[in-house]
Each structure stands twice: as C-alpha cells, then as structure tokens.
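Residues per chain are reported as follows:
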Amino acid sequence: MPVEITWWGHATCTVEDSGVRLLTDPLFARRLAHLRRRRGALPPPEAAEADVVLVSHLHADHLHLPSLARLAPGTRLLVPRGSRRAVPGLARVAAARRLAVTEVAAGDEVGVRAGVRVRAVSARHDGRRLPFGPRLAPALGYVVQGSARTYFAGDTGLFAAMAEEVGPVDVALLPVGGWGPYLGPGHLDPGGAARALAELAPAAAVPVHYGTYWPIGLDAVRPHEFHSPGEEFVRRARQLAPKVTVRVPGHGERVRLP
C-alpha cells in the first residue's frame, strides 16, 4: 500500500498510511510574529483533520497553539517530554479542545492503530520555547511505521548517529531551508539534507521547511534564498543519493510514494 504525503507548507504535512492520518507540526497561520506566509494559500479546514498530530519541538512555528486549537476534539497529540511544563498554553488548548496529549522522548514508541506505530527519535536542534527559559524539552523527529516507514525529521542538523537511530526508512521528509537567509546550527540546508539523504538511503524523499514563511519584505530583497532550497536539494540529491526518488510537491499538493 502506498503512503500519501500532502505538504501544506513549512513543516506541516499530512502522512496517510494504512487508513491513518498523521499531521506534522501544524501551522495554519497567515502571519506569525515578523513572518508572513508568502507562498501557498492557507490550508483548507480538512488539513486539520488527523488521527494523530506529531509536534517535533517547542518553537512557535512548530508548536503553534492557535493551529492546535483547530484540531477536532479527541485528536491525539504527541509532543516532546516536558512540553506542558514549558508551554502552559498547551494544557489550556488541550483541555479546551479535549486533545489527548502524550509526551514522548527519543526511543519511545506509541501504538496509533493496529498496524501503525510512531517512534520518537533524536534531533539536533534547540528545542526550547524561545525566547524564554532553559532547555525543558528536547527536539525530536518521528518514524511512522505502517505499510511504509516514514521519517519526519522536524528541525535538525546532521549528526553522526542519525541513520543508525532512525533505522531503515522508505520515505524521508527532510527540512532543507528555513524562514530567513541564515539558518545557524541545528538546521539542514540543501547540501546538508542531501548528505543526510545519502546516509538514510530511503526509497523516496520530500523536501519541506522552506519557501512558505519569510520575514516581511525580505523575500523581495533575497528571493533566491526563499525560492531555491527545494530545487537545490533535488540537484544535490542527484549527486549524493542518485537512487532516491525525490518528489517536490507544491503547497497543498498530495504525492503518492510506493
């Protein structure tokens, strides 16, 4: 059975596997602080429909409380361990929407439905709820294990044990950019994502986390840095991981991956 991926923009994807809908890092805002959505229409209401939501870390563009408030009552939410302590608003949203929140750490595995499980894995990224507080919750990635094994990396830099910890996967959703011209440590640019792809060696990959949100006006000044990471990732992947099929969906586009 193929897995279907819909990219809604930034790190937000719907993964459909074996009749289960999993939603990653939902962000449905037109504007977030100094960022504006510069490409792709706002996702439709059905984008918030999910059996399980996977939150990779506490940054506001990944754990976005107004977007979580759009989830249907009873939706299950997996978040890094310590999230409720670090983000008090999460408990309020969860109570108001009757969300079932489960905190996980790297290595934890959660059953979703018969035949589908989710395993949390490490990420190399600052997982704090900036600009406040100490590091109260880790940044994570997730491996969805159903008819296929789909790795959602969240935000991460390349680290030595990545392929070993993630294990064999069929599909990799890899961040290839950000929302500004300077990524800093704990991120993958197109070249870093292609190196990760070569180590992970999945059958297929989809680049995410680029080309959606950008600081106001900056996309007009440095448009190449805003638009190019997806295409650059394809070019680098052909060099470093030529056996991997790379699909680059547009915003709101669904792709089927064997």
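Note: the structure precedes this text.
**Some thoughts on helix α3 (residues 88–97)**
Point 1. Buried within α3 are the following residues: Gly-89, Leu-90, Val-93 and Ala-94. When α3 is viewed along its axis, its buried side chains cluster within an angular range of 135° and face the same direction. Exposed positions of α3 whose direction lies more than 90 degrees from the buried face are Arg-92, Ala-95 and Ala-96.
Point 2. Looking at the buried side of α3, the elements it contacts are α1 (65–68), β7 (76–80), α2 (83–86) and β8 (100–104).

**A word on the packing of aromatic side chains**
Ring pairs (aromatic) are described by centroid distance and by the angle formed between their planes.
Point 1. Summed over all chains, the structure comprises one aromatic pair.
Point 2. On the basis of an interplanar angle of 15° and a centroid distance of 5.4 Å, the ring pair of Trp-7 and Tyr-210 is categorised as stacked. Pair noted here: Trp-7 is in strand β1 (residues 3–9) and Tyr-210 is in the loop between β14 (204–208) and β15 (213–215), with a separation of 203 residues, a long-range link. Considered together, Trp-7 and Tyr-210 belong to a single accessibility category, that of buried residues.
Point 3. One Lys or Arg, Arg-124, reaches over the ring of Phe-159 and ends 4.1 Å from the middle of that ring.

**Topic: helix α8 (residues 229–240)**
Point 1. Counted at 1.5 Å a residue, the expected span for α8 with its twelve residues is 16 Å, and the 16 Å between its end C-alpha atoms agrees.
Point 2. In this fold, the buried residues of α8 make contact with β13 (171–175), α5 (190–200), β14, α7 (223–227) and β16 (245–246).

**So, the pattern of salt bridges**
Two side chains bearing opposite charge may form a pair once their charged atoms approach each other closely.
Point 1. Evaluated as defined, the whole model comprises eleven salt bridges.
Point 2. Salt-bridge contacts for Glu-4 lead to Arg-256; the nearest nitrogen and oxygen are separated by 2.9 Å. Of the two residues, Glu-4 sits in strand β1 while Arg-256 sits in strand β17 (residues 253–257), which places them 252 residues apart along the sequence.
Point 3. The exposure class of Arg-256 is exposed, given its relative accessible area of 52%.
Point 4. In this structure, a network of salt bridges that share partners links the residues Glu-4, Glu-16, Arg-21, Arg-254 and Arg-256.

**Structural notes on the sheet that holds strand β6 (residues 52–54)**
Hydrogen bonding along the main chain pairs the strands of a sheet, whether they run parallel or antiparallel.
Point 1. Across the sheet, seven strands lie side by side as β8-β7-β6-β3-β2-β1-β17; this open sheet has mixed pairing. At either margin of the open sheet sits one strand with a lone partner, and together these are β8 and β17. On average, each strand axis in the sheet is tilted by 20° relative to the strand beside it, whichever way the strands run.
Point 2. Pairing analysis gives five bridges linking β7 to β8, with the strands arranged parallel. Paired with Pro-80 across the strands is Val-104, a residue of β8.

**Here we look at the side chain of His-62**
Point 1. With respect to the helices and strands, His-62 occurs in the loop between β6 and α1.
Point 2. For His-62, the side chain forms a polar contact with the side chain of Asp-25, separated by 2.7 Å.
Point 3. A polar contact is formed between the side chain of His-62 and the side chain of His-209, at a distance of 3.2 Å.
Point 4. When near neighbours in sequence (up to four residues on either side) are disregarded, His-62 contacts His-10, Ala-11, Asp-25, Pro-26, Val-55, Ser-56, His-57, Asp-155 and His-209.

The rules behind the values
Residues numbered from 1 in each chain as written. Predicted model: local features only at pLDDT ≥ 70, side-chain atom pairs only at ≥ 80, totals over all residues. Heavy atoms only, no water. Buried < 20%, exposed > 50% of the residue type's maximum accessible area, 1.4 Å probe, protein only. Helix = DSSP H or I, 4+ residues; strand = E, 2+ residues; numbered from the N terminus. Arc of directions from axis to C-beta. Contact = heavy atoms within 4.5 Å. Phe/Tyr/Trp six-rings, centres within 6.5 Å; stacked < 30°, edge-to-face > 60°. Lys NZ or Arg CZ within 6 Å of the ring centre and 35° of its normal. Expected span 1.5 Å × (residues − 1). Salt bridge = Lys/Arg side-chain N within 4 Å of Asp/Glu carboxyl O. Pairing = 2+ DSSP bridges. Axes fitted to C-alpha atoms, helices over the stretch in contact; angles between N-to-C directions. Polar contact = N/O pair within 3.5 Å; in protein donor to acceptor, adjacent residues only side chain to side chain.

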